[in-house]
Amino acid sequence: MPIRVLSDDLASRIAAGEVIERPASVVKELVENSLDAEATRVDVHIVGGGAQSITVVDNGHGIPSDELALAFERFATSKIDESSDLIAIGTLGFRGEALPSISSVARVEAISRHAESDAGARFLVDFGKTKPIEQVGSPQGTRIEVSGLFKNVPARLKFLGSPGRELSRIESMLASLALVYPQVSFSLNSDGRERLRTIGSGKLLDAVAGVYGAKIAEQMLELEPDDSAAFSVDGLISSPSLNRSNRTYLTISVNGRWIQSRRLSYAIEQAYHGFMPDRRYPIALARIRTPLDDVDANVHPSKAEVRFLREDLVYSVVQRAVRGVLSVSSPVHELGSGRASGSIGLFRIPGAVVNRERFNQFSISPSTSPAGGSKFPMWPEPTAIVEQFRLADSEGEVISDGVQGITPKETLPVLRVIGQAHETYILAEGPEGVYLVDQHAAHERVMFERVRERFEQNVIESQPLLDPVTVDLAPGAITTVHEHLDELNRVGWEIEEFGANSLILRSVPASLATRASGGGAGQILVSVLDELSEGGTGDAWSNRMLATMACHSSVRAGQILSTEECKDLIRQLEKAENPNTCPHGRPTLIQLNVNDLEREFKRR
Ligand code: ADP
Ligand code: MG
């Protein structure tokens, strides 16, 4: 065929393919238009999962009658002009492609009355064919009804899910917008039934109550934004006891734009590390504010992703905010809530308060522990290696990952195990008081030093799987595999590429062997790859990889340990190079000081 320029109609349908993928995309574009029009109320009605009809009604400023037809032309927009740079964009829309795209693949009826006009207008576009504008009575605002979506694109229609499936996509998308815009009252009605309603009070908690229910709202913690900072984040995060099995409850926005960001989701998840069991996810809303020109919103067809000029900075702002709230509200700190600020109360993190000299005097060589039946019998003693890696400082800030130089070994006193509490903490007694050891964090520390030592010494400890498993990867993850294949092999992963986005896993690191049965191995590998894909230099990524492996090879919270097993773990921890924190920087143990006890009991 000779080269020729496509007709407008065909060009629109092709463009629509990018922007309008399914009913939820229509809802998103229409609702974003309502928000750009400064609506305080947005009502969405869905019939048949959106394939039959979608109606969005708002009370925004409306469209002047003489511009209504223009709004449906390609590249027609009131939001930017020739003088705009395409970087600092404050509106959700700016490409002028939503209305023309939608109306090329559906029948669209638009009724709108502009704020400064007495009469409304009605405009109809039937799969690209326009009808003349009519005057109609209408309240201020805009009502757009989209019916018969994709009737002229059978290929698209075929890819739609069931009405229920499409509805749930709409629902979770609208929920996210409602959370990001608590000042707007949203409702969603499907086949006559109300699915969602927020009151638009402007309070984030009210929005959460409307979306997830009042019970959940009660368990949310508030992020404390630093309004004076150029980069800040506000929002709500669930207390660690409230968690979910997947990431769909993470909502992130940047300057009012709801976005999808693996990296920033990860920043939130990582901040919960240690506060929440593995593979559980928080409910969270993080509304990031940055200078407008720090964000490029014009990089994704449906504007669901953005590019940050300083992504690392945003990452750490988010992580620090979440981590900060979590560490303040964690139970340890509550113990000290009656005390002067600055003190965390009865319990202390040992590193900071231990009187080293007294401990050293007191130290006796640890008794050898019987290994029979223990979960920790085969651990070698970690040899003295230099700790170069700190993911966190004592304030719980989990950002720096650079080399921090040689840290002197922090002494851990010899502890006598009393027992296990809540299947999570080992209770022990030492020279200066009573200690609570987090069994998972402690084991993680021990395993981390062990796998790191092997890694540095280039000792491969690998265990073949009886049945090799195939692992499906997220798009792009294969690149991470290519980049880090050497290191992955070095820690014991034996991997073969299998098709475009999957692997065959033949052997796993020996430390993971017991955990790695069934699908477990694949999941662990995926989270290791997640860590590696975060990038970073030097030790940062390898330490993150090793920390993930250590995490997965460690005993969990909630696991019952025998006294022997507790003792064994404590002995191992005593020998660790940096016994006081887990590789992610959380404390492994806290101390109830004898002097404080005496004071509390009024013995002196
Ligand atoms: P964009 O949002 O990128 O400008 P659209 O195709 O979504 O492009 O909309 C075209 C124009 O129609 C918008 O720029 C705006 O002026 C107008 N418009 C669309 N929907 C609404 C609405 N709900 N309220 C007011 N104006 C609207
Ligand atoms: Mg738009």
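Residues numbered from 1 in each chain as written. Chains lettered and ligands numbered in written order. Predicted model: local features only at pLDDT ≥ 70, side-chain atom pairs only at ≥ 80, totals over all residues. Heavy atoms only, no water.

Participant: What's the story with the packing of aromatic side chains in this structure? I'm lost.
Facilitator: Within a pair of aromatic rings, the relevant descriptors are the distance that separates the centres and the angle that separates the planes. A complete count under the given rule lists two aromatic pairs for this structure. Ring centres of tyrosine 212 and tyrosine 249 lie 5.4 Å apart, and the angle between their planes is 45°; on these two criteria the pair is classed as tilted. Here the residue tyrosine 212 occupies a position in helix H6 (residues 204–212), and tyrosine 249 occupies one in the loop between strand E12 (243–244) and strand E13 (250–254), the gap between them amounting to 37 residues. A residue is classified by how much of its surface remains accessible, and tyrosine 212, at 22% relative accessible area, is partly exposed. A relative accessible area of 26% means that tyrosine 249 is categorised as partly exposed. Residue placement shows arginine 490 over the ring face of phenylalanine 455; its charged tip is 3.9 Å from the ring centre. (Phe/Tyr/Trp six-rings, centres within 6.5 Å; stacked < 30°, edge-to-face > 60°. Helix = DSSP H or I, 4+ residues; strand = E, 2+ residues; numbered from the N terminus. Buried < 20%, exposed > 50% of the residue type's maximum accessible area, 1.4 Å probe, protein only. Lys NZ or Arg CZ within 6 Å of the ring centre and 35° of its normal.)

Participant: I tried to follow the pairing of strand E24 (residues 494–497) on my own but got confused; where do I start?
Facilitator: Along a regular strand, successive side chains alternate from one face of the sheet to the other. Taken together, the four bridges between E24 and strand E25 (residues 502–509) define a ladder with antiparallel strand orientation. Opposite isoleucine 495, over in E25, you have leucine 505 as the bridge partner. The hairpin formed by E24 and E25 contains four residues between the paired strands, and glycine 499 there has a positive phi angle of roughly 75°. (Pairing = 2+ DSSP bridges.)

Participant: I keep staring at the pattern of salt bridges and nothing clicks. Help me out?
Facilitator: Side chains carrying opposite charge are able to pair once their charged atoms draw close together. Considering all chains together, one arrives at 30 salt bridges under this definition. The partner of arginine 22 in a salt bridge is glutamate 21, with the nearest N and O atoms 3.8 Å apart. Salt-bridge contacts for lysine 567 lead to glutamate 564; the nearest nitrogen and oxygen are separated by 3.8 Å. Within this pair, lysine 567 and its partner glutamate 564 are both found in helix H17 (residues 563–575), separated by three residues, close to a single helical turn. Overall, lysine 567 belongs to the partly exposed group, its relative accessible area being 31%. We classify glutamate 564 as partly exposed; its relative accessible area is 29%. Here the residues in one salt-bridge network are Glu109, Arg122, Glu134, Arg143 and Glu145, joined through shared partners. (Salt bridge = Lys/Arg side-chain N within 4 Å of Asp/Glu carboxyl O.)

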